Amino acid sequence: MTSPSFRTAVVPAAGLGTRFLPTTKAVPKELLPVVDTPGIELVAAEAAQAGAQRLLIVTSPGKEAVAEYFRSNSELEKALEARGKDDQLAKIRRAPALIEADTVYQYEPRGLGHAVAQAGPALADDEQAVAVLLPDDLVLPTGVLEKMSAVRERFGGSVLCAFDVPLDQISAYGVFEVSDTGDEDVKQVHGMVEKPEPEDAPSTFAAAGRYLLDRAIFDALERITPGSGGELQLTDAVALLISEGHPVHVVVHRGGRHDLGNPGGYVRAFVDYALQHPEYGDSLRTWLDERLKG
């Protein structure tokens with residue numbers, strides 16, 4: 001793998017997880033297991049695979065368990081080791097070994113742009129770009145961040161991830177206005193429209209939850225004005241950079257995606273991952289076949 005164009009991966013995880021209440025009264029949404037692995041670990045593994053050295057979790061008071069998940073637990077390790085539970089021991093050591101995890105706080109729910117802005121002061125002076133991974137989005141197969149890093153090396157600026165969405169579903173997404181670059185899967189971005197009607201959509205390329213942002217994004221976030229609900233939108237800051245001539249491109253990802261942000265999407269992700277699991281997959285497939293016949 002070539003050297004990535006970023007070292008820090010920011011994961012906004014300060015939300016209350018209201019769609020998963022009452023569970024999220026006590027358990028952060030990011031720690032809900034997709035079979036036997038929390039969603040936050042799947043995202044961290046994707047970041048580490050792409051070359052990230054640090055996971056910067058944007059959290060809120062009361063959600064310290066998300067970062068704690070990436071800390072070693074020596075007492076639990078000793079107990080499992082003493083009982084010969086080698087498989088379980090390997091599982092609890094997996095996340096701490098993946099990547100260094102740090103936290104910054106978002107004390108008010110003021111939007112994704114505000115969450116990302118909290119990461120700015122935590123970057124080293126020589127970090128010229130930062131990755132942002134939304135933990136609700138599982139992008140499959142992994143690898144899009146490496147492609148995005150290569151596109152930044154080629155064109156500079158900021159690079160986002162997009163999916164080619166059927167036109168009749170486009171009104172649920174933020175949609176890019178693009179032009180071709182000579183590479184079918186790389187487009188230059190000239191603007192973005194939030195949730196357009198199909199007849200008004202500038203393309204069928206919709207935003208996904210992966211961003212590789214030039215450090216200029218933090219200055220732009222300071223200059224945009226809040227939208228509805230007093231929230232700062234990341235897309236508004238990207239739009240400001242585009243208007244000032246900052247290069248922005250998208251990598252069109254041709255794979256799949258799961259949305260862990262709502263129970264319906266979470267169930268689909270759980271089943272999909274379970275069907276691929278070496279221990280549970282075959283029996284689950286057999287049960288589903290029988291169940292769906294009923």
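Residues numbered from 1 in each chain as written. Predicted model: local features only at pLDDT ≥ 70, side-chain atom pairs only at ≥ 80, totals over all residues. Heavy atoms only, no water.

## Points about the environment of isoleucine 242
Along the chain, isoleucine 242 falls in helix H8 (residues 234–243). In this structure, the C-alpha to C-alpha distance between isoleucine 242 and arginine 93, residues 149 residues apart in sequence, is 43 Å. The residues contacting isoleucine 242, other than those within four sequence positions of it, are Val189, His190, Gly191 and Val248. (Helix = DSSP H or I, 4+ residues; strand = E, 2+ residues; numbered from the N terminus. Contact = heavy atoms within 4.5 Å.)

## A look at the UniProt feature "domain: Nucleotidyl transferase" (unreviewed entry) in the chain
Listed under "domain: Nucleotidyl transferase" (unreviewed entry) in the UniProt record, and renumbered for this structure, are residues 9–273. Here residues 9–273 is 32% helix and 27% strand, with 24 Å between the C-alpha atoms at its ends. (UniProt positions renumbered as here; feature names shortened; annotations may be inferred.)

## A look at empty space enclosed by the protein
In the structure shown here, the tally under the stated rule is two cavities of 30 Å³ or more. Approximately 70 Å³ is the volume found for the largest cavity. Lining the largest cavity are Lys29, Glu30, Leu32, Val34, Gly39, Ile40, Pro135, Asp136, Leu260 and Tyr266. Of the residues that constitute the lining of the largest cavity, the class distribution is six nonpolar, one polar and three charged. As a volume, the second largest cavity reaches approximately 40 Å³. Lining of the second largest cavity is provided by Leu160, Phe176, Val189, Gly191, Met192, Thr235, Val238, Ala239 and Ile242. For the lining of the second largest cavity, the secondary structure elements donating two or more residues are strand S10 (186–194) and H8. (1 Å grid on protein atoms, 1.4 Å probe; cavity = no way out; pocket = protein on both sides within 12 Å on 5 of 7 lines; lining within 4 Å. Points joined across faces, edges and corners; volume = space filled by probe spheres on them. Nonpolar A, V, L, I, M, F, W, Y, C, P; charged D, E, K, R; others polar.)

## Topic: the packing of helix H7 (residues 216–223) against H8
Relative to each other, H7 and H8 sit at 110°, their axes nearing to 9 Å. Of the possible angle classes, the one that applies to H7 and H8 is roughly perpendicular. Together, Ala216, Ile217, Ala220, Leu221 and Arg223 of H7 and Leu234, Ala237, Val238, Leu240 and Leu241 of H8 make up the contact between the two elements. (Axes fitted to C-alpha atoms, helices over the stretch in contact; angles between N-to-C directions. Parallel < 35°, antiparallel > 145°, perpendicular 65-115°, else oblique.)

## Description of unusual backbone geometry
Residue proline 22 follows leucine 21 across a cis peptide bond; omega there is 10°. With respect to the secondary-structure elements, proline 22 resides in the loop between strand S1 (8–12) and strand S2 (33–34). The omega angle of the peptide bond from leucine 140 to proline 141 is -15°, so this bond is cis rather than trans. On the secondary structure map, proline 141 appears in the loop between strand S7 (137–140) and helix H6 (144–155). Phi angles above zero are rare outside glycine, and lysine 195 is one such case at about 50°. Considering the arrangement of structural elements, one finds lysine 195 in the loop between S10 and strand S11 (205–214).

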